[in-house]
Amino acid sequence: MDLAYIPSPSTGVIHLGPIPLRGYAFCIIIGVFVAVWYGNKRWIARGGTAGTVADIAVWAVPFGLVGGRLYHVITDYQLYFSEGENWVDAFKIWEGGLGIWGAIALGAVGAWIGCRRRGIPLPAYADAIAPGIAFAQAIGRWGNWFNQELYGRPTDLPWALKITEGANREAGLYHPTFLYESLWCVGVAFLVIWADRRFKLGHGRAFAVYVAAYCAGRAWIEYMRVDEAHHVLGLRLNVWTAIVVFLLAVVYIVVSSRMRPGREEIVEPRAAEKDGKSGKSAASGESGDDEKGEKDGEGEPEDGEPEDAAPVADSDKNEEAGAGNGAGSAAKG
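Quantities reported herein were computed from a predicted structural model and do not represent experimental measurements.

For strand β1 (residues 13–16) and strand β2 (residues 19–22), the ladder comprises 4 bridges, and the chain directions are antiparallel. Within β2, the position partnered with Ile14 by the bridge is Leu21. Hairpin connection of β1 to β2: 2 residues between the antiparallel strands, including Gly17 at a positive phi of 70 degrees.

Here you go:
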């Protein structure tokens with residue numbers, strides 16, 4: 001008798017009248033909200049303006065969802081295009097199936113478009129949202145719990161996940177790999193936050209740390225999974241993907257640190273220009289007042305100088321002139 005295990009939801013959807021409320025979709029939506037909210041805080045701390053992260057996310061999120069679904073459908077095409085399968089199911093994203101590799105790759109394209117429209121360097125934006133993406137993944141993985149998918153090998157551990165009988169799955173107790181990855185992503189997020197504060201990471205290196213750390217965990221978690229997947233040289237395809245992407249991220253960190261050390265001083269040029277113009281206007285106003293004061297005070301006597309000094313001098317000159325005229329008149333008479 002099993003005394004302890006993690007139960008699975010009896011259903012992954014609740015119907016509110018004709019409207020289905022799916023747990024998987026809610027986890028994705030909440031994850032996106034957390035990523036944008038926390039990314040906005042980090043962006044403002046780096047010198048950016050509020051709302052910029054959300055504006056760019058309008059481009060990045062749709063691209064990321066499409067990319068994630070495309071990667072899943074392409075790498076697991078047999079689930080949709082094999083004999084007896086319905087290819088229309090490839091569009092049913094609410095039933096699960098988002099590949100993080102495709103989501104990040106195509107999401108980066110969307111972010112690049114959004115950054116380009118606002119004149120923002122993509123690496124700086126990526127550094128700001130990196131830990132938020134990890135938090136979003138941690139939340140999104142609970143969507144797999146609602147769908148009873150992406151579990152590992154059978155186990156009798158106290159934290160085993162109980163799976164019920166269903167399509168393409170057998171009832172039993174399995175490793176909760178969704179939970180392992182969720183906890184790993186939380187750790188990755190805090191690692192990026194710590195490393196960014198400790199080493200002042202810039203030019204995309206904080207994002208590269210996130211990528212490398214996530215891949216390190218994904219490799220061993222992926223190895224534990226038992227769901228159907230393509231294998232290359234005895235390893236699951238996603239394990240090889242994690243290894244390759246990990247190496248690329250590490251190489252980028254090393255090369256970038258040598259070529260572009262330090263951190264960007266300005267992450268949002270338009271905001272910096274606006275602040276610069278405001279400061280210049282304020283300085284000009286102070287300068288104008290000073291010049292006006294000097295002009296208004298022109299000709300005023302200095303402290304300690306008698307105000308009638310100039311009239312007295314003029315009076316003395318008049319008296320001397322009058323005396324000279326009088327002497328000249330007397331000589332002529």
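Residue placement: Lys41 occurs in helix α1 (residues 23–45). Its relative accessible area of 46% is what places Lys41 among the partly exposed residues. Along the sequence, Lys41 and Val53 sit 12 residues apart, while their C-alpha atoms lie 9.2 Å from each other.

Right, let's get into helix α5 (residues 122–140). Quick reminder: α-helices carry 3.6 residues per turn. Residues three or four places apart thus point the same way. The largest bend in α5 is about 45 degrees, located at Ile129, with the proline Pro131 one to four residues further on. Within α5, 16 of the 19 residues are buried, which leaves it mostly tucked inside the rest of the structure.

Together, Ile243, Phe246, Leu247, Val250, Val251, Val254, Val255 and Met259 make up an exposed nonpolar region whose accessible area comes to about 670 Å². In this structure, Val255 sits in helix α9 (residues 237–259).

Now for the packing of aromatic side chains. Using the criterion set out here, one finds 15 aromatic pairs in the structure. Both rings, one in Trp194 and one in Phe199, keep their centres 5.7 Å apart while their planes meet at 90 degrees; by these two values the pair is edge-to-face. Connected via pairs of aromatic rings, a cluster forms that spans Trp37, Tyr38, Phe135 and Phe190.

Let us look at the pattern of salt bridges. With the rule as written, the count across this model stands at 13 salt bridges. As a salt-bridge pair, Arg42 and Asp196 come within 2.8 Å of each other at their nearest N and O atoms. Here Arg42, found in helix α1, pairs with Asp196, found in helix α7 (residues 177–199); they are 154 residues apart in sequence, far enough to count as distant. Each member of the pair, Arg42 together with Asp196, is buried.

With that settled, the discussion passes to the side chain of Thr241. Turning to its location among the elements, Thr241 is positioned in helix α9. Judged by relative accessible area, which is 18%, Thr241 ranks as buried. Those residues in contact with Thr241 that sit more than four places away from it in its chain are Tyr71 and Trp101.

For helix α4 (residues 100–118), which comprises 19 residues, the first-to-last C-alpha distance of 26 Å matches the rise-based estimate of 27 Å (1.5 Å per residue) to within 8%. Looking at α4, one finds that the buried residues are Ile100, Trp101, Gly102, Gly107, Gly110, Ala111, Gly114 and Cys115. Against α2 (52–75), α5, α8 (205–224) and α9 lie the buried residues of α4. Just past α4, the residue Gly119 takes up positive phi, approximately 70 degrees.

Once that is clear, we can look at the side chain of Ser8. Within the secondary structure, Ser8 sits in the segment before β1. One polar contact links the side chain of Ser8 to the main-chain carbonyl oxygen of Lys162, over a distance of 2.6 Å. Other than its neighbours up to four places away in sequence, Ser8 contacts Trp145, Gln148, Leu161, Lys162 and Ile163.

Right, let's talk about unusual backbone geometry for a bit. Even without glycine at this site, Leu150 takes up a positive phi of about 60 degrees. A positive phi angle is found at Lys200, which is not glycine, with a value near 50 degrees. On the secondary structure map, Lys200 appears in the loop between α7 and α8.

Another aspect to go through is the packing of α4 against α5. In the contact formed by α4 and α5, the axes pass within 12 Å of each other and the chain directions differ by 140 degrees. Crossing geometry of α4 relative to α5 is assigned as right-handed. When α4 is examined against α5, the residues Ile100, Ile104, Ala108, Ala111, Trp112 and Cys115 are found in contact with a partner set consisting of Leu122, Tyr125, Ile133 and Gln137. Class assignment for the residues of the contact of α4 with α5 results in 9 nonpolar, 1 polar and no charged.

Here we come to the packing of α5 against α8. Angle between the axes and distance between the axes: these two values describe a pair of packed helices. Put simply, α5 and α8 touch, their axes get as near as 7 Å, and they point 25 degrees apart. Between α5 and α8, the interaxial angle falls into the category roughly parallel. The two elements α5 and α8 cross, and the hand of that crossing is left-handed. Two secondary-structure elements touch here, α5 through Ala126, Asp127, Ala130, Ile133, Ala134 and Gln137 and α8 through Arg205, Ala206, Phe207, Tyr210 and Tyr214. Taken together, the residues that form the contact of α5 with α8 break down as 8 nonpolar, 1 polar and 2 charged.

About the thresholds
- Residues numbered from 1 in each chain as written.
- Predicted model: local features only at pLDDT ≥ 70, side-chain atom pairs only at ≥ 80, totals over all residues.
- Heavy atoms only, no water.
- Pairing = 2+ DSSP bridges.
- Helix = DSSP H or I, 4+ residues; strand = E, 2+ residues; numbered from the N terminus.
- Buried < 20%, exposed > 50% of the residue type's maximum accessible area, 1.4 Å probe, protein only.
- Bend = angle between axes of the 7 residues up to and from the residue.
- Patch = residues over 30% accessible without salt bridge, like charges linked within 9 Å, V, L, I, M, F, W, Y side chains within 5 Å.
- Areas by Shrake-Rupley, 256 points an atom, 1.4 Å probe, with all protein chains shown as cover.
- Salt bridge = Lys/Arg side-chain N within 4 Å of Asp/Glu carboxyl O.
- Phe/Tyr/Trp six-rings, centres within 6.5 Å; stacked < 30°, edge-to-face > 60°.
- Contact = heavy atoms within 4.5 Å.
- Expected span 1.5 Å × (residues − 1).
- Polar contact = N/O pair within 3.5 Å; in protein donor to acceptor, adjacent residues only side chain to side chain.
- Axes fitted to C-alpha atoms, helices over the stretch in contact; angles between N-to-C directions.
- Left-handed = near helix turned anticlockwise from the far one by under 90°.
- Nonpolar A, V, L, I, M, F, W, Y, C, P; charged D, E, K, R; others polar.
- Parallel < 35°, antiparallel > 145°, perpendicular 65-115°, else oblique.

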